[in-house]
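Observations on chain architecture
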Amino acid sequence: MSVMRDAVAIELKNLSVTYRGGEGGRTVHAVRDCSFSVARGDVLGIVGESGSGKSSVLMAIPRLLPASALVTGGIFCDGTEISSLDERGMGVWRWRRIALVPQSAMNSFTPHITIERHITEVLEHHMRTPRRDARERAEELLWTVRLDGSAGARYPHELSGGQKQRAALATALACGPDFLLADEPTTALDVITQKEVLDMTVSLVRERGMGLLLVTHDLPLAAGICDSLVVMREGAIVESGPSQQVASNPENDYTKLLIGAIRDMERPRGLEETPARKTRG
Ligand SMILES: Nc1ncnc2c1ncn2[C@@H]1O[C@H](COP(=O)(O)OP(=O)(O)O)[C@@H](O)[C@H]1O
Ligand SMILES: [Mg+2]
């Protein structure tokens, strides 16, 4: 693998996201001047309580935010400023270079389409893969996420939550992307299944040398599986660094609060109504 290939990274430079017409018509500054990067081969966690701007950062990358979102700053992938591409130009990057694992696989499949067909459609549409080859590839992909052969022929409602999330992972992997973006990919699952699916996601990402951006409100969970962490609060990055450092030696009081290292300190302003663990992002 060439040095150039290894250097492929997603870079965010001074990214801000503002929603017009939030609750009561007010403007919401969801993301404020955030800069960080993630290279191929890296697993980066974006953590913070519900409403801290994690999803807005993540969804800004493949430009999947609602029309009411105003995005400023630059998003670069592999040196290309993808934030300045038109919709057609962006279409080339989605799925093939940057694929999204949805927040809840429960709602991401069309009910009357089989699992296999979901995957073959992605391959046919984005890679122009002939139907026959696409079917073979779909079978391989399902096997990769340890779903047995019969899963492909089933409809979404016939799979369990964990199986569905694994099928969503297989779909995201279909075009061999450089990066996976995962927004709370397992919050709808029970704790054991959640761990299984996350471990599988991370090991596939590592095996294939992809980059992963994992959004979660659970800092201890992220610290256990990510190389580095970005801690967000009220739209801004309050701390970032190697997971070990952030988790074992946090500098910021808010980070300490998310870790659970301090329980009795006066809660930082803004946390009064939305305890980190009570709500989900
Ligand atoms: N479509 C939207 N319109 C208006 N405000 C929004 C919209 N989506 C998110 N927000 C607001 O932006 C802020 C950040 O939200 P979000 O990025 O979803 O945070 P998180 O993923 O960390 O929970 C919150 O205050 C949220 O209410
Ligand atoms: Mg969110």
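Below you will find a few notes about this structure. Note on numbering: residues in each chain are counted from 1, in written sequence order. Whichever chain is written first is A, and whichever ligand is written first is 1; the rest continue in order. Only residues with pLDDT of 70 or above have their local features reported here, since the model is predicted, and side-chain atom pairs are shown and tallied only from 80 upward, although totals for entire chains, interfaces and linings are computed over all residues. Hydrogen atoms and water are omitted, and side-chain values are computed over all heavy atoms in the structure.

Quick notes on the side chain of Glu184
Each helix is a run of DSSP H or I of at least 4 residues and each strand a run of E of at least 2, with the numbering of both proceeding from the N terminus. Inspection of the secondary structure assignment puts Glu184 in the loop between strand E7 (179-183) and helix H7 (191-207). Burial classification: accessible surface area is computed with a 1.4 Å probe over protein chains only, and a residue below 20% of its type maximum counts as buried, one above 50% as exposed, and the rest as partly exposed. Counted charges follow a simple rule, with Lys and Arg positive, Asp and Glu negative, and His plus the chain ends left uncounted. Any carboxyl oxygen of Asp or Glu within 4 Å of a side-chain nitrogen of Lys or Arg constitutes a salt bridge here. Look at Glu184: it is buried, it has no salt bridge, and the nearest opposite charge is Lys54 at 4.3 Å.

Some words on the environment of Gly152
With respect to the helices and strands, the residue Gly152 is situated in the loop between helix H5 (131-144) and helix H6 (161-173). Residue Gly152 is classed as buried on the basis of its relative accessible area of 5%. Residues Gly152 and Ala138, spaced 14 residues apart in sequence, show a C-alpha to C-alpha distance of 7.8 Å. Contact between two residues is taken to exist if any of their heavy atoms lie within 4.5 Å; hydrogens are not considered. Ignoring any residue separated from it by four or fewer positions in sequence, one finds Gly152 in contact with Thr114, Ile115, Glu116 and Leu142.

Describing the site of ligand 1
Taken together, 14 residues are adjacent to ligand 1, and Gly51, Gly53, Lys54, Ser55 and Ser56 come closest. Gly53 is positioned with one of its backbone polar atoms (N or O) 3.1 Å from an oxygen atom of ligand 1. Contacts described as polar in this section are N or O atom pairs within 3.5 Å, which, within protein, must combine one atom able to donate a hydrogen with one able to accept it, while residues neighboring in sequence count only if both atoms come from side chains. One of the side-chain nitrogen or oxygen atoms of Lys54 is found 2.7 Å away from an oxygen atom of ligand 1. Where accessible areas are quoted, they stem from the Shrake-Rupley method and a 1.4 Å probe; at the residue level, only the protein chains shown are allowed to cover. Contact with the protein chains covers 69% of the free accessible surface of ligand 1, which is 550 Å². Broken down by secondary-structure element, the contributors of at least two residues to the shell around ligand 1 are strand E2 (28-39) and helix H2 (54-60). At three residues, H2 tops the list of elements feeding residues into the shell around ligand 1. Residue classes follow a fixed rule: Ala, Val, Leu, Ile, Met, Phe, Trp, Tyr, Cys and Pro count as nonpolar, while Asp, Glu, Lys and Arg count as charged, and any other residue, Gly among them, counts as polar. The residue inventory of the shell around ligand 1, partitioned by class, reads four nonpolar, eight polar and two charged. Neighbouring residues are identified by heavy atoms, a residue being near a molecule or strand if any of them is within 4 Å of it.

Some words on the sheet that holds strand E4 (residues 69-77)
The antiparallel open sheet is built from four strands, whose spatial order is E2-E1-E4-E5. Of all the strands in the sheet, just E2 and strand E5 (80-81) have a single pairing partner and so form its edges. Two strands pair under a simple rule: DSSP has to find at least two bridges between them.

Section: the packing of H6 against H7
Taken N-terminus to C-terminus, the directions of H6 and H7 make an angle of 15 degrees; their axes are 10 Å apart at the nearest point. Classified by the angle their axes make, H6 and H7 are roughly parallel. Seen from above, H6 lies across H7 with right-handed handedness. On the side of H6, the interface is formed by Gly162, Gln165, Arg166, Leu169 and Leu173, while H7 contributes Thr193, Val197, Met200, Thr201 and Leu204. Fitted lines through C-alpha atoms serve as axes, helices being fitted only where they are in contact, and the angles separating the N-to-C directions of these axes extend from 0 to 180 degrees. Angles below 35 degrees are treated as roughly parallel, those above 145 as roughly antiparallel, those between 65 and 115 as roughly perpendicular, and all remaining angles as oblique. Helix crossings get a hand from a simple test, with the near helix turned counterclockwise from the far one by less than a right angle marking a left-handed crossing and a clockwise turn marking a right-handed one.

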